[in-house]
Structure formats: C-alpha cells, structure tokens
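Structural characterization, general
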Protein chains: 2
Amino acid sequence: MTVSRVINNTGRISVDTRKRVLSIMKEMNYVPNSMARSLVKQESRILSLLITDITNPFYTSLARGAEDAARQLGYRLLLANSDESIAKEKEYIETVLSARVDGVLFAPAGDDSLPNLRKLKKQNLPLVLLDREVPGIDCDMVLGDSKDGAKRLTEHLISLGHRRIALLNGASTVSTARLRREGYEDALKLHSLPFRSDYMAEANYRMGVTDTLVDRLMQMPEPPTALFAANNFLALGAIRALLNKGYRVPEDLSVVCFDELEAGFVVDPFMTVIAQPAYEFGYTGIQMLVDRIQDKAPAGWRRIMLPSELHVRKSSGEARFSFFDNE
Amino acid sequence: MTVSRVINNTGRISVDTRKRVLSIMKEMNYVPNSMARSLVKQESRILSLLITDITNPFYTSLARGAEDAARQLGYRLLLANSDESIAKEKEYIETVLSARVDGVLFAPAGDDSLPNLRKLKKQNLPLVLLDREVPGIDCDMVLGDSKDGAKRLTEHLISLGHRRIALLNGASTVSTARLRREGYEDALKLHSLPFRSDYMAEANYRMGVTDTLVDRLMQMPEPPTALFAANNFLALGAIRALLNKGYRVPEDLSVVCFDELEAGFVVDPFMTVIAQPAYEFGYTGIQMLVDRIQDKAPAGWRRIMLPSELHVRKSSGEARFSFFDNE
DNA sequence: CTGTTAGCGCTTTCAT
DNA sequence: ATGAAAGCGCTAACAG
C-alpha cells in the first residue's frame, strides 16, 4: 500500500495521506516487520560479531567498538560468544547463515575454526577475521602485532635483569599463541639467552591455569624469575596460583602479560602489560566489513595490524642475583 | 515442497527421497532462511537480552547465564548494550519489536525507562525485568535484595568500629540505588548513628567518580572513615581517585561495595563486597521468560529475589579512633 | 508418501 | 499521488 511509502519516506505522498497513515499507525501500535522487509529486499542490515570470551575485558571493549561503528553506519549488531569452543562456533555459523545477516565479524577459537570459516565463505558472506589468523582462510583481518608485543614484553624483563623467563602460552592451535612464542624466542636469541622448553607451559586462554602448573615451574632446580603470560587471564590465573602457594609478585616472580585488565588494574595499577587497542579492533573491523558489503573495499584482502603499547607497572621488578645465574 | 519436510523431520518421507534431498542440499550449499520461516510461523525462537553495561563483570556473567539457559531451551539470544542510556534503549526497543523476537530480558537504565517498557508491553511481548524495578511496570522480575545487602555491608563497617560512613550511590532514578540507600540508612538507624546528607554522593553506575567528589568527602572537617559504594565500578572509581590523591585503602578509608569484581579481585582478593549471583540472574530470567512464552507460567507476575553473599576482604579495616568520635 | 494452494508482511514494478 | 499485482522463502492445510 501507500503505507510502505510513508514508512520509508519514499515516493510522492500528499501531506494529508501521510498524516492519516501516521495517526492510524500510532493508533493500532503498528510496528513494521523487519523480517518481511529483509525477505524481499534480500538484506537485513544486521551484522554479527562472534567473540571467544565475553568475560574478558579485551573482548568486551572490542564489542563496544564494534557496536559503536555498526550503529554509526546504520547496522544492527548481533553479539555472540563462543567460549573458545569450536562446537559453539559451528552452531553460531548455522544461525547467522540462516538469519541472513549482511556480514560477520569473527574472532575464531583457533586453527580448527577452518571448516566453520570455509562454510561461511562458501556462502559468500562478507567476513572479517579478528585478533587471530586461521591458516587456509583469506579474508580481511584486524590483528595485533603479537610477535612484536611479545618481543617487547620479553625484552622488558631482560632489561630488568631476568635471565630465566618462563612462557605461559595459549594453545598452539591459536595463531596469537604461536606468534607470541616466536616473539619471546626472538628476544631470548637477541640477548643470547637459551630457549628452555621446560620453561614453557600451555593452557587455555580462558583462565585455565592450575596450581599444579605453577608448582612445576617454581619447584624446578632453577626456577624462573619471571613469567610472560600470553594473555591477561592467563596472568591472573598464574598470579592467583602463586599467591595460593605463598609466593609474592613481583618479589618471587615477575609477571607480565598481553592485554589490559581494566577493572583489575584500577584498584592499584599492577600488571605490566602490552595493551592492545581493543575498542579499535571492533571499530575497525566493522568499518572493513561494511566497506566490503557496500563494495567500497579494494579488490585484495586487507590486513590491518593495530599497534600496541607497553605499560610498565608493578608486577615486574628487578631480578635478584642468585648463584644459578651466570652473568 | 518435500524439502521442508526433510528439513524439519516432519511427516512421512521415504528414505530414498530424504537422501536425495539431503545430497542436493549439500551440493548447492543450501541454508534454510529462518526469516521466511519465522514470517509464516509467527515465531522467531529468538530471545533478546539488554544489559546496561557490557563492560561490567556483573552483566557479562549475567549474559553468560542467559546464553546458557537460552541455548538449553532451544532459543537464540540477541545481546545488546544500552550504556545506561534511555535513548539507546529506545532504539533497541524498535529493533526487537520489528525483529519480532519471542521475548525480552531487560535490565532497565532506570525509572525513565518507563515509556520504553510500556511500548514493549503494549505489543504484548513477554518481558522479564532484570536487576532493577521500574515503578509503573508490572511484569516478571529477577532481582537481588539491594536493601538487605546494603544493610549487611553497612553493618559490617559499623562492626569494624566505623561511625562516619559515606555512601557513594548510583542515580536515585535507579531502584537499586534507592534501596541500597534505604538499607544503608536502616543500618545507621539500628545502631543509633545519625544520617548525614553531607556523607552522601551520587554518580553514574558506569564509573562516573571524579577526584573532585572524593576530595569533597575527604576534606570535610569530619571526613568519613569508611565508604559504601553502591556498585563495583563506583568503588573502583573511588579507589582510583583516592590513590591519585595519596590516600590508602583501607588505612585512610575503608571501602566496600555491591557486586563482585571478577578479574580485579583475583590478583589479590581485595574488595569487601556483597556478591550477587550474576549468572543466575541471567539464567533464571531466561527460564521465566520461556515459561511465559510457552504459557507455562502462573497467572500472576513472579518476582524472584536472589540471595547475595557478604565477602569480607582487605578493603575494609578497623576504624581508628580520633577525637571526633563520641563513642 | 508427495505435491498443490495459499498466505505470512513487506517491496518492487507497473498501472492509473 | 495512489493502487494492484507479483513474489521474497517458507510452512499449514489439504489433496492426491
């Protein structure tokens, strides 16, 4: 009818009819059905964002950025949470596919997300990968410089006099974990320090650190004097385990990590971190996605690498000498 | 066609046809269009959750609870974030209404959410209010016992010897803020302590505490020796301001608050809090909502009040005497 | 067991 | 400036 024209402010309509339509709309509490509209227009103006841990401030900041960008560009944002689970990710793919969203912002759980992502690509759905790369998938991406950040964090520890630096890493199936390890090894090499596999530990990014793991590290004949945790929650888990066991940070072990700790660091700015611009991850991601949807994007895939900052705080302190050290 | 029957596993279908259909579906990467389906079925199997601050661990835990419950009950969850803004809330209402979701879980920004909520009710959309009440709206609710929690927190301070206890409250347009103030006043009255309006301050729940505000409190002739903050972020903001100004917690000022601080308290369990079961807020809310949708709910409105726990930690210490005190 | 018809609420496109 | 017809992709209700 003419109603459609009124709603969409399109075509010529007499002032009178418009008024009448609007008043009747009010009267009967009419709300347009966006599904019906999407069905015929073949677009939903909905974008979707998948994060791996809604509990982690890195991802909530990212979500806020994505939300703001989406709103400004006239899209709605569907937010979902995979809990680092490939299975939930798969469910999620089904949903967004059948919901006919216009594009997807995707923080993959890891390399095993490949089949999930392939499915997405097969439908030609515009896709931007966030934070983590997945070998085998070519698409737009917004990443941090994990390798460089890890290197700077490790060098910070070395500059403090630490020679025995442990790495508490995420699963090696996640690109950021691999790169952070590389950066860590690079820094060691650069300063002629040996890489010791017994200083390596792996855990889930979602706070999967156990007391046992910390015990193993601290009860070695030559325990580390510093620990580089690959993300904020890993660091928190490690510190909790350390305190449980009666160790102090940084006196007994310096701890540094990737990603800011918002609430945590406010009480008493504590953690030395490489802070990534989480909000910009989301904001930039949505911009790239919408560019792609509206065919304003360049032909090739874009790969944006956002800079990070080293914040030195209290969790990292000077190494104290011991007879184990050679230097 | 027959395809619909295959997809929905409904009606009688020969094994052969089913196989053929499935294989062709695979071949052409067919994905059912859930909008078209919802259009005819008049239900979307989508629930929607609005929280006021995606950055606050209380709400992210709540969201995880809602997510889990929704998944288990066969619904999808659309997550959104109002930033405590009535305007964003309004936009959101438009969205969920036109998206024809089956029900809404709603944490209102405050009493001014009333028109927004009325709009929702006018469409007869099943609605569950979360965490905050709104005068004028009758519906299912999941709440915490703000008054009792505030009372217990205040009494904790009193039992520590504090007589001059300030209240840093949320906006008085939010029901929880009003109730927390009542609980605070009750505790004072019960212990024959005077209520002093100059010990009251108001700020936005989203970390809107300024150094000025803290200054005003601390530079009074009789400054408070303890501060009760109405939520976690208010406490964090206050502590940050205090540390900025060179005060120590709890030595110079004890600080306690509502709601847990997840990440924050892990580093070194610090804040004395009334912890609310955030996850259960979300989980229970979805259950009530789905009951309502499926007409399994009782006739009247249900109002569930979830219990909270007092966790005494380091941010609250014994009051030290001063000549200002009478007792 | 499978196909047909109709219609969910909208937006084209083409009349009037 | 307004209306009529057709169809987006699906399912309910009947045929066959």
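Residues numbered from 1 in each chain as written. Chains lettered and ligands numbered in written order. Predicted model: local features only at pLDDT ≥ 70, side-chain atom pairs only at ≥ 80, totals over all residues. Heavy atoms only, no water.

In the annotation of an unreviewed UniProt entry, the entry for chain A reads LacI family DNA-binding transcriptional regulator, and the organism field reads Paenibacillus mendelii.

Some thoughts on helix α7 (residues 146–159) of chain A
An α-helical turn contains 3.6 residues, so any two residues separated by three or four positions project in the same direction. All names here are of chain A. With 14 residues, α7 extends 20 Å between its outermost C-alpha atoms, agreeing within 8% with the 20 Å of an ideal straight helix rising 1.5 Å per residue. Buried within α7 are the following residues: Ser146, Gly149, Ala150, Leu153, Thr154, His156, Leu157 and Ile158. At the exit of α7 stands Gly161, carrying a positive phi of roughly 100°. (Helix = DSSP H or I, 4+ residues; strand = E, 2+ residues; numbered from the N terminus. Expected span 1.5 Å × (residues − 1). Buried < 20%, exposed > 50% of the residue type's maximum accessible area, 1.4 Å probe, protein only.)

Let's talk about the relation of the copies chain B and chain A
With an RMSD of 0.1 Å, the fit of chain B onto chain A corresponds to turning through 180° and sliding 0.0 Å along the axis. Here the copies are linked by what is in effect a two-fold axis. A high fraction, 100%, of the interface residues of chain B reappear at the interface in chain A, so the copies pair face to face through one surface. (Least-squares fit on C-alpha atoms with pLDDT ≥ 70 in both. Contact = heavy atoms within 4.5 Å.)

What to know about the packing of aromatic side chains
In total, this model carries 12 aromatic pairs over all chains according to the counting rule given. Ring geometry for Tyr184 of chain B and Phe195 of chain B: centres 6.3 Å apart, planes at 80°, overall edge-to-face. Here Tyr184 of chain B, found in helix α8 (residues 175–190), pairs with Phe195 of chain B, found in the loop between α8 and β7 (200–202); they are 11 residues apart in sequence, far enough to count as distant. Summarising the aromatic geometry, the rings of Tyr184 of chain B and Phe228 of chain B are spaced 6.4 Å apart at their centres and angled 45° between planes, so their arrangement reads as tilted. Of this pair, Tyr184 of chain B sits in helix α8 while Phe228 of chain B sits in strand β8 (residues 226–229), placing them 44 residues apart in sequence. In this pair, the class of Tyr184 of chain B matches that of Phe228 of chain B, namely buried. Three or more aromatic residues joined by ring pairs form one cluster here, namely Phe58, Tyr59 and Phe281 of chain A. Above the face of the Phe258 of chain A ring, Arg180 of chain A is positioned so that its terminal group lies 3.7 Å from the ring centre. (Phe/Tyr/Trp six-rings, centres within 6.5 Å; stacked < 30°, edge-to-face > 60°. Lys NZ or Arg CZ within 6 Å of the ring centre and 35° of its normal.)

Thoughts on the protein's contact with DNA strand C
As a matter of local geometry, DNA strand C sits amid 18 residues, with Ser4 and Tyr30 of chain A together with Arg5, Arg12 and Thr17 of chain B nearest to it. The sugar-phosphate backbone supplies 69% of the atoms of DNA strand C found within 4 Å of the protein. Arg5 of chain B is positioned such that a nitrogen or oxygen atom in its side chain is 2.5 Å from a base nitrogen of DNA strand C. Those elements giving two or more residues to the surface near DNA strand C turn out to be α1 (2–8) and α3 (34–41) of chain A together with α1 (2–8) and α3 (34–41) of chain B. Looking at the surface near DNA strand C, the element that brings in the most residues is α3 of chain A, giving 4 residues. (Near = heavy atom within 4 Å. Polar contact = N/O pair within 3.5 Å; in protein donor to acceptor, adjacent residues only side chain to side chain.)

Thoughts on the interface of chain B and chain A
Facing 47 residues of chain B, the contacting portion of chain A comprises 47 residues. Regarding the contact of chain B and chain A, the summed buried area is about 4400 Å², with carbon and sulfur atoms giving 60% of it. Where chain B packs against chain A, one counts 4 salt bridges. Arg71 of chain B serves as the salt-bridge partner of Glu91 of chain A, at 2.9 Å between the closest nitrogen and oxygen. Within the side of chain B that touches chain A, the residues separate by chemical class into 23 nonpolar, 11 polar and 13 charged. (Buried area = accessible area lost by both parts, 1.4 Å probe. Salt bridge = Lys/Arg side-chain N within 4 Å of Asp/Glu carboxyl O. Nonpolar A, V, L, I, M, F, W, Y, C, P; charged D, E, K, R; others polar.)

Description of the domain arrangement of chain A
Interface extent is often summarised as the accessible area lost during association of the parts. Residues and elements named next belong to chain A. Each domain of chain A was delimited in the assignment, giving domain 1 (40–144 + 277–307) and domain 2 (146–276 + 311–324). The distance between the C-alpha centroids of domain 1 and domain 2 comes to 30 Å. Counting residues at the interface gives 20 residues for domain 1 and 18 residues for domain 2. Together domain 1 and domain 2 conceal approximately 1500 Å² of surface at their shared face, both sides included; 49% is due to carbon and sulfur atoms. One can count 3 salt bridges joining domain 1 with domain 2. For the salt bridge of Arg178 with Asp111, the shortest nitrogen-to-oxygen distance reads 2.6 Å. Viewed at the interface, domain 2 and domain 1 are joined by 7 residue pairs in polar contact (both at pLDDT 80 or more). Within the residue set of the side of domain 1 that touches domain 2, elements represented by two or more residues are α4 (57–72) and α12 (278–293). Counting residues per element, the side of domain 1 that touches domain 2 draws most heavily on α4, which supplies 3 residues. (Domains from an automatic or database assignment.)

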